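# Structure at a glance
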Amino acid sequence: MIPKKKPNVMSKINHNETVYDCDCEVSADEFTHIGPMKNGGEHIARRSVGYFQGAVEYLMRDKLALILILILLFIVLGSVFIPMLSSYSFREQHLEHVNAGMFYTAPDGHHHLFGTDSLGRDLFVRIWEGGRISLSIAFAAVLINCLIGILYGGISGYFGGRLDNILMRVIDIINGIPYLLIIILLMTIMKRGIATIIIAYAAVGWCGMARLVRGQILQLKEQEFVICAQTMGASASRILLKHMIPNILSLIIVNLTLAIPGAIFTEAYLSFIGLGVPIPMASWGTLANDGIVNFQRYAFQLLLPAFFISITMLSFNLLGDKLRDAFDPKLRR
Amino acid sequence: MLKYVMKRLGYAFLTILVLIIITFFMIHAAPGDPFSNGKAMSEATKLALQEQYGLNKSVPEQLLIYIGNIFQGNLGISTKYARPVTKIIADSFPASFDLGIRALFIAVVGGIFIGTYAAVRRGKKADSAAMAVAVIGVSIPSFIVAALLQYFVALKINQLLGPGKQLFPISGWTSEMHKILPAIALSLGPLATISRLMRTSMLDVLHADYIKTAKAKGLSERMIIWKHALRNALMPVITVLGPITATVLTGAFVVEQVFSIPGMGKYFVIGITENDYLLTAGTTVFYGVFLVLSTLIVDLLYGVIDPRVKISKAKE
């Protein structure tokens, strides 16, 4: 006897007929083996998406995030190329037309899009040159912080015990002192310049990253894949670098993005109280500092660098928030 | 609790000691010396001056003398102003402190209010607007805010009012009206930080069971938020008060410069640019100690306000 319902083709089951008579007995030989499903058995409804790929796709769907990335790209590329391509250099003076307004065209054919400062230097070039210096200081300082922080936090969290205790107390003490005070002190004993600001900021800025990494490593340490690597005899440095750090990379990226505005701010702050890069170099901070002297008459000399500082910090802050959402699978749904 | 207090006191003391030692060695490593300011000076005069300021002794000896002096409240004499550093601080710190306290007050009260409001209206326009303002507040450095306020609020309004009349003075530190704009400028950053933090913590608290109970009892929304939720939501805000105090007081340097306020920031910078060792060291140590102590007080207060902290520390 062949059963009325063939259980082999899933799609043909009619749900109206699934009323079974309890009396009927179905024995094993009533079924015939027809082999695996012919087509689509292994079909996966959705494309499989990796962790970082998923995050990137999530980010790309977000219009605001895309705009932020474009703004930052524009600022970075502009800082790299505009000083190179411009017909004026950032230190070139045009004494015939000092303190020129925006969109100024001089009788001698010179055109200054953002006007000139009190020494007749073209502000458009100086702004982008300033961006170059401010951004390279920020990126370099944050990267160095990040490296020190990962190493310090990783070692502290992984080895734990007494070493961890000592390392964390050191951080407590460094954190107890306001970081701007230490930076200002460091700036006093070193020559003014880009490297000095980077070193000064990197000397104290890594504490936050170290704490973050340590906390994450403490959690990861208990997980099976780490124990597995340990039993297989992997060295501590291999476990840390190959197994643990990639797991917290997303967190590191988010914090890196959120740390950049802090570094830009610190540079601007130091320049503003007169400890920035030496003249005639320009950073956004020193430009703002120069601008404030003439602020009541030539407001744009302050407003322009202020605008660039603020828009860059704002974009990084917002992008950091967006990245945090993108990297968090719980929020991504 | 006593053990906790002692532990915190110990750390605070250690931090201050480390700060003093760092300050001392950095000032020592600084290029130039306070007597090479361009004026010609005979060897004998130089030696006599070094003798007078104790600069001919060995470095560890100088350090010990320095630490000893600091704990006696003697920060030395500024070479630039020929006045005791403690006097300079005593003259200028009140203005900085006054400005800092005002800014802190605006930041805390405003931040709590904005954060709570945004949390209650979560997902609505008011929430987005408040958080947009908060992000902008974090992103604009205080000195820029200060300059903008000075220009658009003080200068422009005064021009509109006509000659001789003014609403907000442009700079200075003599009347109450002088103190409003600088305090607002300085408070914007911390205000944004606090309101973001307050919003997150308020959202957490609003989902708690006891809030549902309060709702089920039929309490009004105002009562629930201001009496039941706010107290618990405040806890994370109190923990960041220490660092925020530090931000406000160091940020005051630049705001003081914009509004020409006779505060301590000026001396800090002058000490550095003029190689005035003792002025820089004194102001740094004073600021450091002040901030370490205020963080300590905030942390101890936290233990008093939130009993859970006490219990967990006791178990430890």
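Owing to the predicted nature of the structure, the values given are computational and were not obtained by experimental measurement.

### What about the overall build of chain B?
Helices and strands together make up the secondary structure of chain B, namely twelve helices and zero strands. Of the regular secondary structure in chain B, the N- to C-terminal order runs α-α-α-α-α-α-α-α-α-α-α-α. With respect to the principal axes defined by its C-alpha atoms, chain B has extents near 85 × 65 × 30 Å. Residues classed as buried in chain B amount to 45% of the 316 residues present. Relative to all contacts within chain B whose residues are 6 or more apart in sequence, the contacts with residues 24 or more apart total 74%. Separation of charge centres in chain B, based on 30 positive and 17 negative side chains, amounts to 13 Å.

### Points about the overall build of chain A
Of the regular secondary structure elements, chain A holds 13 helices and two strands. Within chain A, buried positions represent 43% of all 333 residues. At a minimum sequence separation of 6, the contacts of chain A that also span at least 24 residues come to 68%. When the accessible area of chain A is evaluated, it comes to approximately 18200 Å², of which 63% is carbon and sulfur surface.

### A look at the packing of helix 12 (residues 300-327) of chain A against helix 5 (residues 125-139) of chain B
Relative placement of two packed helices is described by the angle separating their axes and the distance separating the axes. It is at 8 Å that the axes of helix 12 of chain A and helix 5 of chain B come closest, and there the two elements cross at 125°. Overall, the two elements helix 12 of chain A and helix 5 of chain B adopt an arrangement that is oblique. Handedness of the crossing formed by helix 12 of chain A with helix 5 of chain B: right-handed. Between helix 12 of chain A and helix 5 of chain B, the residues in contact are S310, M313, L314, N317 and L318 of chain A and V135, I136, V138 and S139 of chain B, respectively. Its residues placed into classes, the contact of helix 12 of chain A with helix 5 of chain B shows six nonpolar, three polar and no charged.

### Considerations on the side chain of T23 of chain B
Relative to the elements of secondary structure, T23 of chain B occurs in helix 1 (residues 2-29). According to the relative accessible area criterion, T23 of chain B is buried, its value standing at 0%.

### Here's the deal with unusual backbone geometry
All names here are of chain B. Residue A82 is not a glycine yet carries a positive backbone phi of 55°. Secondary-structure assignment places A82 in the loop between helix 3 (59-71) and helix 4 (85-120). Given a relative accessible area of 60%, A82 falls into the exposed group. Of note in this structure, S260 is not a glycine but carries a positive phi near 45°. Along the chain, S260 turns up in the loop between helix 9 (221-259) and helix 10 (265-273).

### Considering the environment of L188 of chain B
Residues and elements named next belong to chain B. Residue placement: L188 occurs in helix 7 (residues 176-206). L188 gets classed as partly exposed once you look at its relative accessible area, which sits at 30%. Once residues within four sequence positions are removed from consideration, L188 is found in contact with G137 and V145.

### Describing the nonpolar core
Counting 131 residues, the largest nonpolar core has I184 and Y269 of chain A as its most contacted members. The element contributing the most residues to this core is helix 9 of chain B, with 16 residues. Other than its neighbours up to four places away in sequence, I184 of chain A contacts Y269, L270, I273 and L275 of chain A together with F253, F268 and I272 of chain B. In this structure, I150, M209, I217 and M244 of chain A belong to the second largest nonpolar core, which totals 15 residues.

### What to know about the interface of chain A and chain B
Accessible area lost on assembly of the parts is the figure often given for the size of an interface. Each partner contributes to the interface: chain A provides 33 residues, whereas chain B provides 44 residues. Carbon and sulfur atoms make up 81% of the surface buried where chain A meets chain B, a total of about 3400 Å² over both sides. At the boundary of chain A and chain B, one finds three residue pairs in polar contact (both at pLDDT 80 or more). Residue assignment for the side of chain A that touches chain B shows that the elements contributing at least two residues are helix 4 (161-176), helix 5 (179-189), helix 10 (249-272), helix 11 (284-293) and helix 12 of chain A. The element best represented in the side of chain A that touches chain B is helix 12 of chain A, accounting for ten residues.

### Description of helix 3 of chain B
Residue and element names in this part refer to chain B. Taking 1.5 Å of rise per residue, 13 residues should cover 18 Å, and helix 3 covers 18 Å from first to last C-alpha, within 8% of that figure. Among the residues making up helix 3, those that are buried are Q62, L63, Y66, I67 and I70. All buried residues of helix 3 fall inside an arc of 130° around its axis, so they share one side. Against the buried residues of helix 3 lie helix 1 and helix 11 (277-305).

### A closer look at the packing of aromatic side chains
All chains considered together, the criterion is met by 23 aromatic pairs over all chains. Here F97 of chain B and F290 of chain B contribute two aromatic rings whose centre-to-centre distance is 5.8 Å and whose plane-to-plane angle is 90°, an arrangement assigned as edge-to-face. In this pair, F97 of chain B sits in helix 4 while F290 of chain B sits in helix 11, placing the two residues 193 residues apart along the sequence. On the basis of relative accessible area, F290 of chain B is assigned to the partly exposed category, the value being 23%. Aromatic ring contacts, followed pair by pair, group F74, F124, W128, W284, F307 and F308 of chain A into a single cluster.

### Concerning the pattern of salt bridges
What the rule picks out here adds up to eleven salt bridges over all chains. R211 of chain A serves as the salt-bridge partner of D172 of chain A, at 2.6 Å between the closest nitrogen and oxygen. In this pair, D172 of chain A sits in helix 4 while R211 of chain A sits in helix 7 (residues 207-221), placing the two residues 39 residues apart along the sequence. The partner of R199 of chain B in a salt bridge is D127 of chain B, with the nearest N and O atoms 2.8 Å apart. Note that R199 of chain B is positioned in helix 7 and D127 of chain B in helix 5, a separation of 72 residues in sequence. Both residues of the pair, R199 of chain B and D127 of chain B, count as buried. What emerges from the salt-bridge pattern is a single network uniting R169, D172 and R211 of chain A.

### What to know about the side chain of T283 of chain B
Residues and elements named next belong to chain B. With respect to the element layout, T283 can be found in helix 11. In this structure the side chain of T283 is engaged in a polar contact, spanning 3.0 Å, whose partner is the backbone oxygen of T280. Not counting chain neighbours up to four residues away, the residues in contact with T283 comprise I89, M264 and F268.

### Here we look at a nonpolar patch on the surface
All names here are of chain B. A grouping of F105, I106, V109, L161, L167, M177, I180 and I184 is seen on the molecular surface, where their side chains present a nonpolar patch of about 640 Å² in accessible area. Secondary-structure elements contributing two or more residues to the nonpolar patch are helix 4 and helix 7. In this fold, L161 is placed in helix 6 (residues 142-161).

Definitions and cut-offs
Residues numbered from 1 in each chain as written. Chains lettered and ligands numbered in written order. Predicted model: local features only at pLDDT ≥ 70, side-chain atom pairs only at ≥ 80, totals over all residues. Heavy atoms only, no water. Helix = DSSP H or I, 4+ residues; strand = E, 2+ residues; numbered from the N terminus. Buried < 20%, exposed > 50% of the residue type's maximum accessible area, 1.4 Å probe, protein only. Contact = heavy atoms within 4.5 Å. Lys, Arg positive; Asp, Glu negative; His and termini not counted. Charge placed at Lys NZ, Arg CZ, Asp CG, Glu CD. Areas by Shrake-Rupley, 256 points an atom, 1.4 Å probe, with all protein chains shown as cover. Axes fitted to C-alpha atoms, helices over the stretch in contact; angles between N-to-C directions. Parallel < 35°, antiparallel > 145°, perpendicular 65-115°, else oblique. Left-handed = near helix turned anticlockwise from the far one by under 90°. Nonpolar A, V, L, I, M, F, W, Y, C, P; charged D, E, K, R; others polar. Core = buried A, V, L, I, M, F, W, Y, C linked by side-chain atoms within 4.5 Å. Buried area = accessible area lost by both parts, 1.4 Å probe. Polar contact = N/O pair within 3.5 Å; in protein donor to acceptor, adjacent residues only side chain to side chain. Expected span 1.5 Å × (residues − 1). Arc of directions from axis to C-beta. Phe/Tyr/Trp six-rings, centres within 6.5 Å; stacked < 30°, edge-to-face > 60°. Salt bridge = Lys/Arg side-chain N within 4 Å of Asp/Glu carboxyl O. Patch = residues over 30% accessible without salt bridge, like charges linked within 9 Å, V, L, I, M, F, W, Y side chains within 5 Å.

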